[in-house]
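# Chains, contacts and geometry: an overview
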Amino acid sequence: MTTIDARIADFYAEYDEASRLHSTATGRLELERTQELLHQHLPPPPARVLDLGGGPGTHARWLVEDGYEVLLVDPVPKHVEQAREHVPGCSAELGDARELTLPTHSFDAVLLLGPLYHLANRADRLRALSEARRVARPGGLVAAAGISRYSLMQDYTVSAGLTPELLAGEVTEVVRTGSYDGSRGFTVVHFHTAAELSEEAVEAGLNGVRVRGIEGPGWAYVVAAGRCAGQEAAGMLVADAIATARLADDHGVFTDASAHMLVIGTA
């Protein structure tokens, strides 16, 4: 079986991924909009859903509550244990999105709401998307999330942390190449443009591919409010940010302004 990068494994062994989408207003914004976008395309329950790189089960929980039959696959043992413990009704097992041991055409929908973040090599991302297409039934949904190429620059800007050193170094490198080595506060990451994310999905064989911004262009203001005025004040902006994201859905020029993007297609 393909192994996960040791730097990524070490990061998630310590990082509290279980609370990420619940502890801040921007996390709540990401979760609510991801649910909203997926609800527009998921088949009705009790369809079979494969949650690849599903972490501790944040998305698996609401999918199970909605009546879906969910299998979560993740390469981090801690995440699999958390999902088994905290998401009743969800099956969870260790595995790598690039090399699945699951039967062909065995799921009605396949979600990759994390694996593409940490696959720095394009060939690995294509393998993960191709495997998702393989295990989805013909015509089944395949949806994958990516982190926006410009989100690091926006994050530093709204926090007044975009120093000349950062701008000349990692921020410029990320904007130019999409690659980040995890040297400062995170781990190995690939940052997508909307066009790149779409191109990879098409090359992996998906049909009807389209890309949507998840948080929309207003997410940075929610970040700024959380840092300056606290999470309660930032939470009051979430509804407005969601309304802005919905409006931006009709104007593709704004897709790259989101912190995360969702590519949607069919097998």
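Residues numbered from 1 in each chain as written. Predicted model: local features only at pLDDT ≥ 70, side-chain atom pairs only at ≥ 80, totals over all residues. Heavy atoms only, no water.

## Structural notes on the overall build of the protein chain
- Each helix and strand in the protein chain was counted, giving 11 helices and 9 strands.
- Its C-alpha radius of gyration of 18 Å places the protein chain within 12% of the 18 Å reference for a compact globule of 267 residues.
- If you line up the protein chain on its principal axes, its C-alpha atoms span 50 × 35 × 35 Å.
- The buried share of the protein chain, reckoned over its 267 residues, is 53%.
- Across the protein chain, every contact between residues at least 6 apart in sequence was considered, and the portion connecting residues at least 24 apart equals 72%.
- Carbon and sulfur atoms make up 54% of the accessible area of the protein chain, which totals about 11,600 Å².
- A gap of 4 Å separates the mean positions of the 22 positive and 36 negative side-chain charges of the protein chain. (Helix = DSSP H or I, 4+ residues; strand = E, 2+ residues; numbered from the N terminus. Rg over C-alpha atoms; globule rule 2.2 N^0.38 Å. Buried < 20%, exposed > 50% of the residue type's maximum accessible area, 1.4 Å probe, protein only. Contact = heavy atoms within 4.5 Å. Areas by Shrake-Rupley, 256 points an atom, 1.4 Å probe, with all protein chains shown as cover. Lys, Arg positive; Asp, Glu negative; His and termini not counted. Charge placed at Lys NZ, Arg CZ, Asp CG, Glu CD.)

## Some remarks on the pattern of salt bridges
- Under the counting rule described, the total for this entry stands at 21 salt bridges.
- Asp-249 is paired through a salt bridge with Arg-33; the nearest N and O atoms lie 3.0 Å apart. Note that Asp-249 is positioned in the loop between helix H11 (238-248) and strand S9 (260-266) and Arg-33 in helix H2 (residues 25-39), a separation of 216 residues in sequence.
- Several salt bridges converge on common partners, so that one network encompasses Arg-122, Arg-125, Arg-149, Glu-196, Glu-200 and Glu-203. (Salt bridge = Lys/Arg side-chain N within 4 Å of Asp/Glu carboxyl O.)

## Structural notes on the packing of helix H6 (residues 151-158) against helix H9 (residues 219-229)
- Two numbers describe how H6 lies on H9: the axes approach to 9 Å, and their chain directions differ by 35 degrees. When you trace H6 past H9, the crossing you get is right-handed. In this structure, H6 uses Ser-151, Gln-154, Asp-155 and Val-158 to contact H9, whose residues at the interface are Trp-219, Ala-220, Val-223, Ala-224 and Arg-227.
- Split into classes, the residues belonging to the contact of H6 with H9 amount to 5 nonpolar, 2 polar and 2 charged. (Axes fitted to C-alpha atoms, helices over the stretch in contact; angles between N-to-C directions. Left-handed = near helix turned anticlockwise from the far one by under 90°. Nonpolar A, V, L, I, M, F, W, Y, C, P; charged D, E, K, R; others polar.)

## A few points about the packing of H2 against helix H3 (residues 58-65)
- Taken N-terminus to C-terminus, the directions of H2 and H3 make an angle of 45 degrees; their axes are 11 Å apart at the nearest point. As judged from the angle between their axes, H2 and H3 are oblique. By crossing handedness, the relation of H2 to H3 is classed as right-handed. Contacts between H2 and H3 involve Leu-31, Thr-34, Gln-35, Leu-38 and His-39 from the former and Thr-58, His-59 and Trp-62 from the latter.
- Looking at side-chain class alone, the contact of H2 with H3 contains 3 nonpolar, 5 polar and no charged residues. (Parallel < 35°, antiparallel > 145°, perpendicular 65-115°, else oblique.)

## Points about helix H1 (residues 6-14)
- Restricting attention to buried positions, one finds in H1 the residues Ile-8, Phe-11 and Tyr-12. Projection of H1 onto a plane perpendicular to its axis shows the buried side chains occupying an angular sector of 90 degrees, all on one side. Away from its buried face by more than 90 degrees, H1 exposes Asp-10 and Glu-14.
- Close packing links the buried residues of H1 with helix H4 (77-86).
- The N-terminus of H1 is capped by Asp-5, whose side-chain oxygen sits 2.8 Å from the backbone nitrogen of Arg-7. (Arc of directions from axis to C-beta. Polar contact = N/O pair within 3.5 Å; in protein donor to acceptor, adjacent residues only side chain to side chain.)

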